[in-house]
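Chain by chain, the residues:
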Amino acid sequence: MAKPASPRSGQRRRMENFRKVRSEEAPVGGGAEGGGAGPGPFADLAPGAVHMRVKEGSKIRNLLAFATASMAQPATRAIVFSGCGRATTKTVTCAEILKRRLAGLHQVTRLRYRSVREVWQSLPPGPTPGQEPGEPAASLSVLKNVPSLAILLSKDALDPCQPGYQPPNSHPAPSSQPTAPTSKRSLGEPAAGEGSAKRSQPEPSATEEDQTA
């Protein structure tokens, strides 16, 4: 006797007929997670702070080029890297590389959850069940809660008592020092000058050999 199909398998089969069109951050209301398109959880930032939104397809090289140039300006006192979902790894990488490039940066890390809305559209050619041939392609919206990471790097001192604070790195990465060249001669090969010293010793003459004989 065949087992009845589970609701999950039926849902997967239905989603195979759709493709994801776009994903966007859902608007968040007031409260602890409040905030719009601004710097997120950091509400008391200095004016002129740079906000870098890291996405899954972002290039780390391009992000760091802009971030380094911005932080090189005296008027820029802070920068925020933020990313959610699969972009959190790139967010951490960008912050760590910038900290190595610019010493003396204070760091505050905030971890929270954001609501992301994914929009899916039915695949051609056939319509979905119950859809008329002349109607536009059906679409559906999926709301997900994904982890979101925000990292603040500041040239100015921050409150060390706040959660997620990390002081500047007092031990910079050791620079590579040149090592002494190693000798490539084999163990049985004489050192430079050793052979010439042996050759400079006079060989016994023929007269001395005759006398000993």
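Computed from a predicted model, the values in this text were never measured in an experiment.

Residues and numbers for the pattern of salt bridges, please.
Enumeration over the complete set of coordinates arrives at five salt bridges. We note a salt bridge from E56 to R86, for which the minimum N-O separation is 3.5 Å. Taken together, the residues span a long stretch of sequence, with E56 in the loop between β2 (50-53) and α2 (60-71) and R86 in the loop between β3 (78-84) and α3 (88-101) at a distance of 30 residues. Note on R86: relative accessible area 69%, which makes it exposed. The shortest N-O distance in the salt bridge between D156 and R77 comes to 2.7 Å.

Can you lay out the nonpolar core for me, pointing to particular residues and giving the numbers?
Of all hydrophobic cores here, the largest spans 17 residues; its most connected members are M52, I79, F81, L98 and L153. Of all the elements in the fold, those that place two or more residues in this core are β2, α2, β3, α3 and β5 (139-154). If you tally residues by element for this core, the top one is α2, at four residues. Setting aside its immediate chain neighbours within four residues, L98 contacts L64, A67, T68, M71, I79, F81, L105 and L153. If you look at the next biggest cluster of nonpolar residues, it comprises six residues, including F42, A78, V108 and L152.

How would you sum up the pairing of β3? Please name residues and give values.
On a regular strand, each side chain points to the face opposite its neighbour's, so the side chains alternate between the two faces of the sheet. Summarising burial for β3: six of the seven residues are buried, a large majority. Pairing between β2 and β3: four bridges, direction parallel. In the sheet register, H51 faces β3, and the bridge partner there is V80. Read from β2 through α2 to β3, the crossover connection turns out right-handed.

Hey, could you go over the environment of P147 for me, with residue numbers and the actual values?
Of note, P147 is situated in strand β5. Taking relative accessible area as the criterion, P147 reaches 34% and is therefore assigned partly exposed. As a C-alpha pair, P147 and R114 span 33 residues in sequence and 6.3 Å in three-dimensional space. Setting aside anything within four residues of it in sequence, one finds P147 in contact with G83, C84, G85, T88, R112 and Y113.

Can you break down the packing of α2 against α3 residue by residue, with the values?
Taken N-terminus to C-terminus, the directions of α2 and α3 make an angle of 40 degrees; their axes are 10 Å apart at the nearest point. Relative to α3, α2 is oriented oblique. Pair α2 / α3 crosses with right-handed handedness. Seen from α2, the contacting residues are I60, L63, L64, A67, T68 and M71; seen from α3, they are K90, T93, C94, I97, L98 and R101. When its residues are assigned to classes, the contact of α2 with α3 shows eight nonpolar, two polar and two charged.

Kindly report on the pairing of β5, identifying the contributing residues and their values.
As defined by bridge partners, β3 adjoins β5 across seven bridges and the pair is classed as antiparallel. By the bridge assignment for β5, S82 is matched with A150. With 16 bridges connecting them, strand β4 (residues 106-122) and β5 associate as antiparallel partners. What sits directly across from V119, in β5, is S141.

Pulling in residues and values, what's your account of α3?
The end-to-end C-alpha distance of α3 is 20 Å, a good match for the 20 Å that 14 residues give at a rise of 1.5 Å each. Listing the buried residues of α3 in full gives T88, T91, C94, A95, L98 and K99. Along the axis of α3, the buried residues cluster in a sector spanning 130 degrees; they form a single face. Summarising the geometry of α3, the exposed residues directed more than 90 degrees from the buried face are T89 and R100. Summarising the contacts, the buried residues of α3 are in contact with α2, β3, β4, β5 and β6 (165-166).

About the criteria used
Residues numbered from 1 in each chain as written. Predicted model: local features only at pLDDT ≥ 70, side-chain atom pairs only at ≥ 80, totals over all residues. Heavy atoms only, no water. Salt bridge = Lys/Arg side-chain N within 4 Å of Asp/Glu carboxyl O. Helix = DSSP H or I, 4+ residues; strand = E, 2+ residues; numbered from the N terminus. Buried < 20%, exposed > 50% of the residue type's maximum accessible area, 1.4 Å probe, protein only. Core = buried A, V, L, I, M, F, W, Y, C linked by side-chain atoms within 4.5 Å. Contact = heavy atoms within 4.5 Å. Pairing = 2+ DSSP bridges. Right-handed = clockwise from strand over helix to strand, strands pointing away. Axes fitted to C-alpha atoms, helices over the stretch in contact; angles between N-to-C directions. Parallel < 35°, antiparallel > 145°, perpendicular 65-115°, else oblique. Left-handed = near helix turned anticlockwise from the far one by under 90°. Nonpolar A, V, L, I, M, F, W, Y, C, P; charged D, E, K, R; others polar. Expected span 1.5 Å × (residues − 1). Arc of directions from axis to C-beta.

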